[in-house]
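Chain by chain, the residues run as shown.
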Amino acid sequence: TQPPAPAGRKKKLTPSPVHVITENHEITLYTPEKVGDAEFLKQLQSLEPDLCITAAYGQYLPKRFLSIPKLGTLNIHPSLLPHYRGAAPVQRCLEAGDDVTGVTILFTVKKMDAGPIVKQVKRPLNGNENAQQILDEMFVQGTNLLLDALPDVFDGRIAFATGANCTPQDDALATEAPKLSAEDSYVDFESSPAATIHNKCRAYAIWPGLWTTVTIGNDLDDVKRIKIISTEILDAQPDLTRVTADITLTKMNKKPYLRVVCGDGSVIGIKEVQPAGKKV
């Protein structure tokens, strides 16, 4: 697993969940800074693994790593490959407003997320799920798919070396899912439609979140920064007769929300916010 990394406001060194589990169960653990480190690869070689498995590991696996396990390396990837190869597949899928996602079990090759597919399952989207919800769900589903596949992998009915019961990916259909950027997390209601803001809010829910600035009351110099936690599309249709960036506090199902008119006249409802330094 990855080495402990700074987390939270105090940037305290925090071990990964995998790290914590190994300590609680006395499982041998390796935390190389770089997975291509010669000493780590020597340790891995000494284990003589039949199979390696990765899930959201976050490091590129070099050829020297991939040559060690006899049966190859399997990966759980939360997208319908070849769509959304890369670091943020769920986030980019939600940001695009797709109506379906899924999870794929594949063999790892040198090219990122391009290996042959072992198993894949689809998951329809209703347009309101956020990245944390889908990631959690897809890794549980992916784990079950992996467990279903393992007996056939060990028996040779699924084999990386021969391609048995694997489906090669069509590189012509591949799309990329690059890392999210904190620079992209600012929301300008005048330049973005309601659907774009809503989908971005879902996609950026884990990190870095969405934020904007508002003035409260009549003091135009009192600018507040707020984080947008959850939203709902109230009217996706453009209507240029509406007043852009008109914000009103109203209620829906007896719960308060901010009604915001976007630049194209579409309307978004902001259900939860977090002012700077405050709770949601």
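This text goes with the structure placed above it.
Residues numbered from 1 in each chain as written. Predicted model: local features only at pLDDT ≥ 70, side-chain atom pairs only at ≥ 80, totals over all residues. Heavy atoms only, no water.

**Student:** How should I be thinking about the pattern of salt bridges in this particular structure?
**Tutor:** Side chains that differ in sign of charge can pair as their charged atoms come close. Scanning the entire structure with this criterion turns up 13 salt bridges. The shortest N-O distance in the salt bridge between Arg-123 and Glu-137 comes to 2.7 Å. Pair noted here: Arg-123 is in strand β6 (residues 117-124) and Glu-137 is in helix α5 (residues 131-155), with a separation of 14 residues, a long-range link. The exposure class assigned to Arg-123 is buried, which follows from its relative accessible area of 15%. Arg-157 is paired through a salt bridge with Asp-155; the nearest N and O atoms lie 3.1 Å apart. (Salt bridge = Lys/Arg side-chain N within 4 Å of Asp/Glu carboxyl O. Helix = DSSP H or I, 4+ residues; strand = E, 2+ residues; numbered from the N terminus. Buried < 20%, exposed > 50% of the residue type's maximum accessible area, 1.4 Å probe, protein only.)

**Student:** Help me understand the sheet that holds β6, please; the structure alone is not making it clear to me.
**Tutor:** Backbone-to-backbone hydrogen bonds pair the strands of a sheet. The strands run either parallel or antiparallel. A sheet is described by the order of its strands in space; here four strands give the open sequence β3-β4-β5-β6, paired in mixed fashion. Taken across any chain shown, the strands that pair with only one partner, and hence form the sheet edges, are β3 (52-55) and β6. Averaged over all pairs of adjacent strands, the angle between strand axes in this sheet comes to 15°, irrespective of strand direction. Looking at chain direction, strand β4 (residues 73-77) and strand β5 (residues 100-107) are connected through four bridges and run antiparallel. Paired with His-77 across the two strands is Thr-104, which belongs to β5. Against the sheet, α5 engages β3, β4, β5 and β6, with an angle of about 150° to β6. (Pairing = 2+ DSSP bridges. Axes fitted to C-alpha atoms, helices over the stretch in contact; angles between N-to-C directions. Contact = heavy atoms within 4.5 Å.)

**Student:** Whenever I open this one, the nonpolar core confuses me. Can you help?
**Tutor:** Most often, soluble globular proteins have nonpolar side chains that are buried together. Within the largest apolar cluster, 39 residues are counted, with the highest numbers of intra-cluster contacts made by Leu-74, Val-118 and Phe-189. Contributions of two or more residues to this core are made by β4, α4 (89-95), β5, α5, α6 (194-203) and β11 (267-275). A per-element tally of this core places α5 first, with nine residues. Ignoring any residue separated from it by four or fewer positions in sequence, one finds Leu-74 in contact with Leu-51, Cys-52, Ile-53, Thr-54, Ile-105, Leu-106, Phe-107, Thr-108, Val-118, Leu-146, Leu-150 and Val-153. Counting ten residues, the second-largest nonpolar core is a separate cluster that includes Val-35, Leu-41, Tyr-57 and Leu-66. (Core = buried A, V, L, I, M, F, W, Y, C linked by side-chain atoms within 4.5 Å.)

**Student:** What is the right way to read the side chain of Gln-59 from this model?
**Tutor:** Counting through the fold element by element, Gln-59 comes out in the loop between β3 and α3 (63-66). A distance of 3.2 Å separates a polar atom in the side chain of Gln-59 from the backbone oxygen of Glu-33. Side-chain polar atoms of Gln-59 contact the backbone nitrogen of Val-35, separated by 2.8 Å. Excluding residues within four positions of it along the chain, Gln-59 makes contact with Gln-2, Pro-32, Glu-33, Lys-34 and Val-35. (Polar contact = N/O pair within 3.5 Å; in protein donor to acceptor, adjacent residues only side chain to side chain.)

**Student:** Got a minute to help me understand the pairing of β11 in this structure?
**Tutor:** Strand residues, when the strand is regular, have side chains that alternate between the two faces of the sheet. Across eight bridges, strand β8 (residues 223-235) lies against β11 in antiparallel orientation. Bridge pairing in β11 places Ile-233 opposite Ile-268. Across four bridges, the pairing between strand β10 (residues 255-261) and β11 is antiparallel. Paired with Val-261 across the strands is Val-267, a residue of β11. Between β10 and β11, which pair antiparallel one after the other, the connecting turn spans five residues, and Gly-265 there sits at a positive phi close to 90°.

**Student:** Is there a simple way to explain the state of the cysteines in this structure?
**Tutor:** In protein chemistry, a disulfide is the covalent bond that joins the sulfur atoms of two cysteines. Taken as a whole and assessed by the stated rule, the structure comprises zero disulfides. Of all cysteine sulfurs, the one in Cys-201 lies closest to Cys-93, which takes part in no disulfide; the gap is 16 Å. Just so you know, Cys-262 is unpaired, no disulfide at all, and the nearest cysteine sulfur is the one on Cys-201, 12 Å from it. (Disulfide = S-S within 2.5 Å.)

**Student:** Just checking my understanding: could you explain unusual backbone geometry for this structure?
**Tutor:** Negative phi is the rule for most residues except glycine; trans is the rule for most peptide bonds. Across the junction of Leu-81 and Pro-82, the peptide omega takes the value 15°, indicating a cis bond. Here Pro-82 shows up in the loop between β4 and α4. Cis peptide bonds are those with omega within 30 degrees of zero, and the linkage from Trp-207 to Pro-208 qualifies with 0°. The residue Pro-208 is located in the loop between α6 and β7 (210-215) in this model. Phi angles above zero are rare outside glycine, and Glu-26 is one such case at about 55°. By relative accessible area, which is 76% here, Glu-26 ends up exposed.

**Student:** For this particular structure, what's the right way to read the packing of aromatic side chains?
**Tutor:** Describing an aromatic ring pair means giving the distance of the ring centres and the angle of the ring planes. Under the counting rule described, the total for this entry stands at three aromatic pairs. On the numbers, 4.8 Å between centres and 55° between planes, the contact of Tyr-186 with Trp-211 is tilted. Of this pair, Tyr-186 sits in the loop between α5 and α6 while Trp-211 sits in strand β7; the two residues are 25 residues apart in sequence, bridging distant segments of the chain. The partly exposed category is assigned to Tyr-186, whose relative accessible area is 38%. (Phe/Tyr/Trp six-rings, centres within 6.5 Å; stacked < 30°, edge-to-face > 60°.)

The values are spatial; any link to function lies outside them.
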